[in-house]
Amino acid sequence: MREGEQVPEGRQVTGEPDELYERLKAFEGRAAATAGTGKDPVNEPMIRHWCEAMGDTNPAYSGPEAIAPPTMLQAWTMGGLSGHTDRSAAYEELFGLLDGAGYTSVVATDCEQEYLRPLRPGDRITFDAVIESVSERKTTRLGTGYFVTTRMDVRADGVRAGTHRFRILKYTPAAPKRSAPKGSESRRTEPRRTGPERAARGEGRSLRPRPVINRDNAGFWQGVAEHRLLIQRCGDCATLRFPWLPGCNACGCQEWDTVEASGEGTVFSHVVMHHPPFPAFGADGAGGPYAVALIELAEGVRMVSNVIGVPYDKVRTGMPVRLEFLRTDPDLELPVFRGGEG
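Criteria and cut-off values
- Residues numbered from 1 in each chain as written.
- Predicted model: local features only at pLDDT ≥ 70, side-chain atom pairs only at ≥ 80, totals over all residues.
- Heavy atoms only, no water.
- Helix = DSSP H or I, 4+ residues; strand = E, 2+ residues; numbered from the N terminus.
- Buried < 20%, exposed > 50% of the residue type's maximum accessible area, 1.4 Å probe, protein only.
- Areas by Shrake-Rupley, 256 points an atom, 1.4 Å probe, with all protein chains shown as cover.
- Polar contact = N/O pair within 3.5 Å; in protein donor to acceptor, adjacent residues only side chain to side chain.
- Pairing = 2+ DSSP bridges.
- Axes fitted to C-alpha atoms, helices over the stretch in contact; angles between N-to-C directions.
- pLDDT = per-residue confidence, 0-100.
- Contact = heavy atoms within 4.5 Å.
- Core = buried A, V, L, I, M, F, W, Y, C linked by side-chain atoms within 4.5 Å.
- Phe/Tyr/Trp six-rings, centres within 6.5 Å; stacked < 30°, edge-to-face > 60°.
- Lys NZ or Arg CZ within 6 Å of the ring centre and 35° of its normal.
- Salt bridge = Lys/Arg side-chain N within 4 Å of Asp/Glu carboxyl O.
- Arc of directions from axis to C-beta.

Participant: I would appreciate a short explanation of the overall build of the protein in the present structure.
Facilitator: For the protein, the helix and strand inventory stands at five helices and 15 strands. Across the 342 residues of the protein, 37% fall into the buried class. When the accessible area of the protein is evaluated, it comes to approximately 20,300 Å², of which 51% is carbon and sulfur surface.

In structure tokens form, the structure reads like this:
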């Protein structure tokens with residue numbers, strides 16, 4: 001897993017004292033890596049491959065004055081196929097404790113980067129990392145475990161260039177739910193409710209994963225809360241961009257304002273999602289299949305969203321769509337697009 005999808009932080013496990021947590025907490029502030037060295041200096045081939053993979057044509061990333069895309073910050077510190085050889089004894093001991101206690105599964109949950117200076121071809125990368133925090137034991141849909149956050153400070157030729165925070169969940173997978181044997185009856189202390197009655201009480205509902213909201217996109221989600229679809233506009237060259245980014249892909253300017261989309265668009269391309277039933281993604285509780293489309297807005301930018309109002313197998317490239325806001329639960333509203341004929 002944003003980079004992109006985020007594992008919910010989960011709920012704290014209460015009850016008996018957690019002796020393991022007290023041992024894990026003692027690792028906070030200890031080094032995870034010291035005097036690490038990037039395997040390669042910042043170089044043009046890696047920049048070119050990255051830009052080709054991401055479809056990023058910003059001219060700042062090519063030519064004699066090229067800089068590296070800021071989001072490549074972690075790429076220059078990675079260990080490659082041979083893995084990391086710079087982990088500290090404290091880091092290995094921490095994860096040894098977790099593994100030994102049965103928390104052997106791991107999933108990346110999110111990362112946060114801060115950029116302090118551009119990286120240029122030829123820069124030599126060094127870094128240090130620290131175990132920044134270990135959460136109390138939490139229960140998530142994946143299972144029960146601990147969130148571990150490390151912070152890496154990256155330097156270019158000895159000068160701080162950025163910070164990379166990375167969080168993982170070390171967990172024991174949740175046991176699969178087993179259906180009751182045929183012929184058995186569960187005890188009930190109250191009358192069985194119908195589906196609509198349960199929905200009205202907020203019972204038995206699966207909630208959609210929450211979007212990752214940070215300082216770069218908080219304005220977009222504030223607009224959604226006000227039923228406005230906001231597009232960033234560069235303060236220098238006036239180029240519109242979506243999704244929201246800290247700076248302009250066309251000229252690099254970091255000043256911007258917003259324009260409100262009209263809500264008109266067309267389906268540029270689409271896929272149909274088939275997966276095991278997950279009621280949170282179906283208005284009727286079926287959980288799919290459903291159409292996910294790349295919508296080309298009338299303003300010229302594109303965004304990914306669901307197409308509703310027409311059967312999933314009737315969605316077509318070029319189909320006109322109109323913006324709506326779908327409330328999926330009391331705390332989440334999403335921009336979607338209703339398909340039309342034509």
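Participant: So what exactly am I meant to see when it comes to helix α2 (residues 44-54) here?
Facilitator: Residues spaced three or four apart along an α-helix face the same direction, because each turn holds 3.6 residues. A side-chain oxygen of the first residue of α2 lies 2.9 Å from the backbone nitrogen of M46; this N-cap is N43. Once α2 ends, the next one or two residues include G55, with phi positive near 70°.

Participant: Where do I start with the sheet that holds strand β12 (residues 290-297) in this structure?
Facilitator: What the five strands build is a closed barrel, ordered β11-β12-β13-β15-β14; its pairing is mixed. Each strand axis lies, on average, 50° off the axis of its neighbour in the sheet, ignoring direction.

Participant: Sorry if this is basic, but what is going on with the confidence of the model for the protein here?
Facilitator: Interpretation of this model should avoid reading the predicted coordinates in detail wherever pLDDT is low. This prediction gives the protein a mean pLDDT of 85; 82% of its residues lie at or above 70. Below pLDDT 50 for its whole length, residues 1-7 participates in 19 contacts with residues either more than four positions away or in separate chains. Scored below 50 in pLDDT, residues 184-203 shows six contacts in the model against residues more than four places distant or in partner chains.

Participant: Looking at this structure, how should I read the nonpolar core?
Facilitator: One recurring pattern in soluble globular proteins: nonpolar side chains tend to sit buried together. In terms of nonpolar packing, the biggest core is built from 35 residues, with L24, I47, W76, L119 and Y146 touching the most fellow members. Contributing elements (two or more residues each) for this core: α1 (19-25), β2 (31-37), α2, α3 (89-100), β4 (125-134), β6 (143-156) and β7 (159-173). A total of six residues in this core trace back to one element, the largest contributor, which is α3. Judged by nonpolar contacts, the second largest core, of 27 residues, contains L229, V301, M303 and V321.

Participant: Which parts of the structure should I look at to understand the packing of aromatic side chains?
Facilitator: One pair of aromatic rings is described through two measures. These are the centre distance and the angle between the planes. Applying the stated criterion across every chain, the model contains six aromatic pairs. Residues F220 and F242 carry aromatic rings whose centres are separated by 5.4 Å and whose planes lie at 65° to one another, so their mutual orientation is edge-to-face. Taken together, the residues F220 in helix α5 (residues 218-225) and F242 in the loop between β9 (240-241) and β10 (256-260) connect sequence positions 22 residues apart. We classify F220 as buried; its relative accessible area is 6%. On the basis of an interplanar angle of 65° and a centroid distance of 6.4 Å, the ring pair of F220 and W244 is categorised as edge-to-face. On the criterion of sequence distance, the pair formed by F220 in helix α5 and W244 in the loop between β9 and β10 is long-range, its members being 24 residues apart. Comparing F220 with W244 shows no difference in burial state: the two are buried. Of note, R167 hangs over the ring of F147, and the distance from its end group to the ring centre comes to 4.7 Å.

Participant: Whenever I open this one, the pattern of salt bridges confuses me. Can you help?
Facilitator: If charged atoms from side chains of opposite charge come close, those side chains can pair. Counted according to the given criterion, the structure contains 18 salt bridges. Between R228 and E226 there is a salt bridge; the shortest N-O distance is 3.3 Å. Within the structure, one salt-bridge network assembled from shared partners comprises E132, R151, D153, R160 and R165.

Participant: Is there a simple way to think about unusual backbone geometry in this case?
Facilitator: What you tend to see is this: most non-glycine residues have negative phi, and most peptide bonds are trans. Here the residue pair F242 and P243 is connected by a cis peptide bond, since its omega of 5° sits within 30 degrees of zero. Along the chain, P243 falls in the loop between β9 and β10. Its identity as a non-glycine residue notwithstanding, A238 has a phi of 70°, on the positive side. Turning to its location among the elements, A238 is positioned in the loop between β8 (230-234) and β9.

Participant: Which parts of the structure should I look at to understand the environment of V259?
Facilitator: Among the structural elements, V259 can be located in strand β10. Along the chain, V259 and E299 lie 40 residues apart, while their C-alpha atoms are 9.5 Å from each other. Those residues in contact with V259 that sit more than four places away from it in its chain are L229, L230, I231, R233 and L240.

Participant: Hey, could you run me through the sheet that holds β10 in this one?
Facilitator: Paired through their backbone hydrogen bonds, the strands of a sheet run either parallel or antiparallel. The strand order across the open sheet formed by three strands is β9-β8-β10, and the pairing between neighbours is antiparallel. Each end of this open sheet is capped by a strand with a single partner; those strands are β9 and β10. Here two bridges tie β8 to β9, and the two strands are oriented antiparallel to one another. Within the sheet, the bridge partner assigned to R233 lies in β9 and is L240.

Participant: In this structure, what is going on with the side chain of N306? I would like to understand it.
Facilitator: Structurally, the position occupied by N306 is in strand β13 (residues 302-308). Note on N306: relative accessible area 18%, which makes it buried. Apart from the residues lying within four places of it in its own chain, the contact partners of N306 are Y290, A291, V292, V336 and F337.

Participant: How should α5 be read in this particular structure?
Facilitator: Of all the residues in α5, the buried ones are F220, W221, G223 and V224. When α5 is viewed along its axis, its buried side chains cluster within an angular range of 150° and face the same direction. On the buried face of α5, the contacting elements are β8, β14 (320-329) and β15 (332-339). One or two residues past the end of α5 sits H227, with phi positive at roughly 60°.

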